[in-house]
Amino acid sequence: MSSVTQPTVAPRPTRLFWSPQLLNYDFGSYHPMHPSRLDATWRLVQEYGLDKRESVTVEVPEVAADAHLELAHTHDYVQAVRAISADPTVSHPESGLGTEDTPGYAGIHEASARLAGGSFQAAQAILDGTAVRAVNFGGGMHHAFADKASGFCVYNDCAVAIQHLLDNGVKRVLYLDVDGHHGDGTQSIFYDNPDVMTISIHESGITLFPGTGFANEIGSGEAMGTAVNIAMPPTAEDAQWLRAYHAVVPSLVEQFRPEVIVSQHGCDSHLSDPLTHLRVSIDGQREIMMHVAQMADRFCEGRWIATGGGGYDCYDVVPRSWSHLVAVASGKPLPVTTPIPASWRDYVKDTYGGNPREYMGDKVDLWWRSWEVGFDPDDDTDRVIMATRREVFPQWGLDPWYD
């Protein structure tokens, strides 16, 4: 099967969240989640004029109030983050902060709450009808749990947005996570909530942090079947990644029929990312963005909140992937053959020493086999797909072999 064709639709009113203050989410120069990746992304967005599109409004993300953070987090946890933010020498080991991955620093509460504020404001814009689409590429902090930080993530902005939607009349929210790592924090927060379907496709926890996200994690109680995990073999390429995605996601979304989609587009599945073993291209990542846009139009009257997430090839992959995300969400995707402006490439080289590509794609032949061609029991990817389908599909009255 070749790539998805974007249907012709009128551009949706799109809210784009940006402020230089997002760069204060900074764990230090040694840390792979360096804020310069956000700066590089915003500058590429501007080079293409995506922020000036008629359908796009840029909004400054504000520091989320404690009451908004507590939509997803415990009061004690928020207070612990505040205490460390005021005095990083304070010890709160139960908070998850203070590790090499997620160190505490002065001002960490405000910096983290601003990321969450963007996604909260996105949800509010969807609710009040001033936007149909929203992109907060500084968000996507999917490893944060209700009561602890983890994996570079302090406040779970996606969970905050989802709960705000639910509290204000939205009946079903799809959370789709295509980061190279399992979306463990978001899954845990909604594990027993049947109104939220969390779908995560990621490198298997056998070979990658956080060591979770297996097919048998399907939710609990009335929510059984609403947690969905596709734990991919390491080094999966576009053909495997897209085959697995399309073999699981469309059938379940058809049954769940969400009213809003919240998606996390960590781009660390890329073949050049230093923190995963996956081999997905920019073209493959864009393909999934295009499909999410189609699902939003089909099921949700276009309502879609898209966030960033992981991504540690900071000056090549991250800016290209998330600029594609802004372009797709705002209604006019950029072709993967689009040249990257020399002025932007020079800025990155001069400022950060990177050597970005010359085009918005990776010049790959994007193709995958549809699930309809049949299950191959000797294929690692097909066994992953079948494991997920066997666990989840019967919960929705679907046949794991034929539906």
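Here is what the cut-offs are and how they apply
- Residues numbered from 1 in each chain as written.
- Predicted model: local features only at pLDDT ≥ 70, side-chain atom pairs only at ≥ 80, totals over all residues.
- Heavy atoms only, no water.
- Phe/Tyr/Trp six-rings, centres within 6.5 Å; stacked < 30°, edge-to-face > 60°.
- Buried < 20%, exposed > 50% of the residue type's maximum accessible area, 1.4 Å probe, protein only.
- Lys NZ or Arg CZ within 6 Å of the ring centre and 35° of its normal.
- Axes fitted to C-alpha atoms, helices over the stretch in contact; angles between N-to-C directions.
- Helix = DSSP H or I, 4+ residues; strand = E, 2+ residues; numbered from the N terminus.
- Parallel < 35°, antiparallel > 145°, perpendicular 65-115°, else oblique.
- Left-handed = near helix turned anticlockwise from the far one by under 90°.
- Contact = heavy atoms within 4.5 Å.
- Nonpolar A, V, L, I, M, F, W, Y, C, P; charged D, E, K, R; others polar.
- Pairing = 2+ DSSP bridges.

### A closer look at the packing of aromatic side chains
What describes a pair of aromatic rings is the distance from one ring centre to the other and the angle between the planes of the rings.
Item 1. A full pass over the atoms with the stated rule returns twelve aromatic pairs.
Item 2. Aromatic side chains Tyr 25 and Phe 27 sit 5.1 Å apart centroid to centroid with 70° between the ring planes, which places their arrangement in the edge-to-face category.
Item 3. Among the residues examined, Phe 27 registers a relative accessible area of 7% and is labelled buried.
Item 4. Put simply, the rings of Trp 18, Trp 42, Phe 137 and Trp 322 pair up and form one aromatic cluster.
Item 5. Here Lys 148 stacks its cationic end above the ring of Phe 145, 5.2 Å away from the centre of that ring.

### Some thoughts on the packing of helix α1 (residues 36-47) against helix α10 (residues 342-352)
Item 1. Look at α1 against α10: their axes get within 10 Å of each other, and the N-to-C directions meet at 160°. Put simply, α1 runs roughly antiparallel to α10. Judged by the sense of rotation from one axis to the other, the crossing of α1 with α10 is right-handed. Residues Ser 36, Asp 39, Ala 40, Arg 43, Leu 44 and Glu 47 of α1 form the contact with α10, whose own contacting residues are Ser 343, Trp 344, Tyr 347 and Tyr 352.
Item 2. Classifying every residue of the contact of α1 with α10 by side-chain character gives five nonpolar, two polar and three charged.

### With respect to the sheet that holds strand β2 (residues 56-59)
Item 1. Pairing is parallel in the open sheet, where eight strands are placed in the order β2-β1-β3-β8-β7-β4-β5-β6. Single-partner strands in this sheet number two, and they are β2 and β6 (227-232). Between one strand axis and the next, the sheet turns by 15° as a mean value, whatever way the strands run.
Item 2. Looking at chain direction, strand β5 (residues 196-203) and β6 are connected through six bridges and run parallel. Residue pairing in the sheet places Ile 199 in a bridge with Val 228 of β6.
Item 3. Along the sheet, helix α7 (residues 238-256) makes contact with β4 (173-177), β5 and β6, crossing β5 at roughly 175°.

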